[in-house]
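An overview of the molecular structure
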Amino acid sequence: MLEFYDFTVYAAFSTFLSAACFPAGNPRLALLLSTVIFGIGFLARPLGAIVMGAYADHHGRRRALTLTIWLMALGSLMIGLLPGYATIGLAAPIMLSVARLIQGFSAGGEMGSATAFLVEAAARERIGLAASWQIATQHLGTIISGLCGILLGLSMSSTQIAGWGWRLPFILGAIIVPVGAWIRRNLDETLAPDQVRQGMIKNVRHVFMRMPGRIALCMLLVAGATISQYFFLYGTIFAIHDLRFPAAFAISVNIALGLTGCPFALLGGYLSDRYDPYIVTLAARAMLCGLFLPAFVFLLSHPSPLVFTLVLMLLMSLHALASGACMRILPDLFPMNVRTLGTGLSYSLGVTIFGGTAQTIFTLLIDRTGNRLSWIYFVTGMLVVSSSSLVFLRRIARHDRQRNSAGDAAGA
């Protein structure tokens, strides 16, 4: 939750960051450059997944998790204390870029390490529920960043927020990180000593040389989830620019989506423990695909903030359900000695390639076609293509189980 809060709070205050860190006189260009720097954080995620994943698979989950949260705190503190363009000139956007790279590196290493730990620490009958907390707490982080925006808006004037108030959420994120670091430092290590079979470089080579197909299929699976997630993030932009809703409406919608996503992600994890997680994920995605277009046709014919919020909450419930169940699938596809690296790399590549370009594609589709439903066709189509990977991944998982069972029988 703390990691995702620190990573996403940047988006909530990008307008004030652009004014502080870029030359005055062209606010639109400054905001554009600020969003570009936001994207830089995604570029560092695959690198973080590789380095920190290999580190966690060799030195343990606990040490990797402690390191990633301190790196995220460093990035947040750098942003919170960063002198503006008026004080240090071009050094301001350069240092902002460095801070986002550090945050992206941390986020990339966090996902695989945290998921591996959750899966390995859980009882066998609650693995899916434990893994789904990875998704549920991301929604909690979004809620906290939205509440910070509301509290600042209620307690400060626009001038105060633009002057120095925007720094407070970043500093707060850095201040509370030591609590998370203390918790992680006192965790029981879950990486079995007999699983540390080779060095970090050999682990990386093993994943790239022997598991490229598995990584590609996991990336495709993640693609559907991340494009759907960015559908919700872009939905607030669509509401403001295309439906002409008030700008303040965006924060309330994000909080409503976070409150919906958290429990339904946990429900998806719970169901994945009782039923086939591949079937749970596929069923939730099928319902989501079937509802996307009719829900938005209804919304465009009844364009009100209440209808918009309810439609997105309905779609979010199915998206979160599928995402929560999906977290039961990914770590199970990689053995313990490369679990963090394989899970984190496939997730980070999927988010970077497909999530990092989603909002640009949405905007281009609407602008070029003039059809306000064009981006919905894209989201639905990509979700269908992504879900096809479940068939192949299920065969791989079944083959792995049969091979392990044969090995155990031979050993006995």
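Residues numbered from 1 in each chain as written. Predicted model: local features only at pLDDT ≥ 70, side-chain atom pairs only at ≥ 80, totals over all residues. Heavy atoms only, no water.

1. Thoughts on the overall build of the protein
A tally of helices and strands in the protein yields 18 helices and zero strands. The C-alpha radius of gyration computed for the protein amounts to 21 Å, which stays within 12% of the reference 22 Å derived for 412 residues, consistent with globular compactness. Across its three principal directions, the C-alpha atoms of the protein cover 75 × 50 × 35 Å. Relative to its full complement of 412 residues, the protein shows a buried share of 53%. Long-range contacts, defined as pairs at least 24 residues apart, comprise 85% of the intrachain contacts of the protein with a sequence gap of at least 6. (Helix = DSSP H or I, 4+ residues; strand = E, 2+ residues; numbered from the N terminus. Rg over C-alpha atoms; globule rule 2.2 N^0.38 Å. Buried < 20%, exposed > 50% of the residue type's maximum accessible area, 1.4 Å probe, protein only. Contact = heavy atoms within 4.5 Å.)

2. Describing empty space enclosed by the protein
A full pass over the atoms with the stated rule returns one cavity of 30 Å³ or more. Its volume calculated, the largest cavity comes out at about 40 Å³. Together, G224, A225, S228, R285, L288, H319, A322, S323 and L383 line the largest cavity. Among the elements of the structure, α12 (212-241), α14 (277-301) and α15 (305-329) are those that each provide at least two residues to the lining of the largest cavity. Residues belonging to the lining of the largest cavity are distributed by class as follows: four nonpolar, four polar and one charged. (1 Å grid on protein atoms, 1.4 Å probe; cavity = no way out; pocket = protein on both sides within 12 Å on 5 of 7 lines; lining within 4 Å. Points joined across faces, edges and corners; volume = space filled by probe spheres on them. Nonpolar A, V, L, I, M, F, W, Y, C, P; charged D, E, K, R; others polar.)

3. Quick word on the side chain of E110
Residue placement: E110 occurs in helix α7 (residues 91-121). Apart from the residues lying within four places of it in its own chain, the contact partners of E110 are E3, L65, T68 and R184.

4. Comments concerning α7
With 31 residues, α7 extends 44 Å from end C-alpha to end C-alpha; this agrees with the ideal 45 Å at 1.5 Å per step. Taking the largest bend as the criterion, α7 deviates by roughly 25 degrees, centred on E110. (Expected span 1.5 Å × (residues − 1). Bend = angle between axes of the 7 residues up to and from the residue.)

5. Points about the packing of helix α4 (residues 45-59) against helix α5 (residues 61-80)
Following both chains from N to C, one finds α4 and α5 inclined at 145 degrees, their axes separated by 7 Å at the closest point. Note on element contacts: α5 touches α4 through R61, R63, A64, L67 and T68, opposite M52, Y55, A56, D57 and H59. Split by residue class, the contact of α4 with α5 holds five nonpolar, two polar and three charged. (Axes fitted to C-alpha atoms, helices over the stretch in contact; angles between N-to-C directions.)

6. As for the pattern of salt bridges
On inspection of all chains with the given rule, the structure shows seven salt bridges. Here E120 and R61 are joined by a salt bridge, their closest N and O atoms 2.6 Å apart. Of the two residues, E120 sits in helix α7 while R61 sits in helix α5, which places them 59 residues apart along the sequence. With a shortest N-O distance of 3.0 Å, E120 and R339 are connected by a salt bridge. One end of the pair, E120, is in helix α7; the other, R339, is in helix α16 (residues 339-369), with 219 residues separating them in the sequence. Each member of the pair E120 and R339 is classed as buried. Within this structure, D57, R61, E120 and R339 form a network of salt bridges that share partners. (Salt bridge = Lys/Arg side-chain N within 4 Å of Asp/Glu carboxyl O.)

7. Digging into the confidence of the model for the protein
Of the residues in the protein, 92% reach a pLDDT of 70 or more, and the chain-wide mean stands at 84. Mean pLDDT across the elements of the protein ranges from a minimum in helix α3 (residues 27-43), with 70, to a maximum in α15, with 92. (pLDDT = per-residue confidence, 0-100.)

8. Points about the packing of aromatic side chains
In the structure shown here, the tally under the stated rule is eight aromatic pairs. For the pair F296 and W375, a centre-to-centre distance of 5.5 Å together with 90 degrees between the ring planes defines the contact as edge-to-face. With F296 in helix α14 and W375 in helix α17 (residues 374-387), this residue pair connects regions lying 79 residues apart in the sequence. Both residues of the pair, F296 and W375, belong to the buried class. In this structure an aromatic cluster arises from ring pairing among F231, F232, F292, F296, F362, W375 and F378. (Phe/Tyr/Trp six-rings, centres within 6.5 Å; stacked < 30°, edge-to-face > 60°.)

9. Thoughts on the environment of I171
Structurally, I171 is set in helix α10 (residues 167-185). Spatially, the C-alpha atoms of I171 and A325 are 34 Å apart, while their sequence positions differ by 154 residues. Excluding residues within four positions of it along the chain, I171 makes contact with G80 and L81.

10. Some thoughts on a nonpolar patch on the surface
Together, L147, I150, L154 and I251 line one region of the surface with nonpolar side chains, adding up to about 350 Å² of accessible area. With three residues, the top contributor of residues to the nonpolar patch is helix α8 (residues 127-155). (Patch = residues over 30% accessible without salt bridge, like charges linked within 9 Å, V, L, I, M, F, W, Y side chains within 5 Å. Areas by Shrake-Rupley, 256 points an atom, 1.4 Å probe, with all protein chains shown as cover.)

11. Quick notes on the nonpolar core
Counting 93 residues, the largest nonpolar core has F231, F296, F308, L333 and W375 as its most contacted members. Per-element tally for this core: the top contributor is α12, with 13 residues. Excluding residues within four positions of it along the chain, L333 makes contact with R214, C218, Y278, L393, I396, A397 and D400. Counting six residues, the second-largest nonpolar core is a separate cluster that includes A44, M52, Y55 and A56. (Core = buried A, V, L, I, M, F, W, Y, C linked by side-chain atoms within 4.5 Å.)

12. Observations regarding the side chain of S113
Structurally, S113 is set in helix α7. On the accessibility criterion, S113 (0% relative accessible area) is buried. From its side chain, S113 meets the backbone oxygen of G109 in a polar contact 2.9 Å long. What S113 contacts, discounting residues up to four positions off in sequence, is M52, A56, R61, A64, L65 and T340. (Polar contact = N/O pair within 3.5 Å; in protein donor to acceptor, adjacent residues only side chain to side chain.)

13. Looking at α5
Between its terminal C-alpha atoms α5 stretches 29 Å, which fits the 28 Å expected from 20 residues at 1.5 Å a residue. Taken together, the buried positions of α5 are occupied by R61, A64, L65, T66, T68, I69, M72, A73, G75, S76, I79 and G80.

14. Remarks on the environment of R339
Residue class for R339 comes out buried when judged on its relative accessible area of 13%. Put simply, R339 and V311 are 28 residues apart on the chain and 37 Å apart in space, counted from C-alpha to C-alpha. Apart from residues lying up to four places away in sequence, R339 is in contact with D57, R61, A116, E120, P331 and F334.

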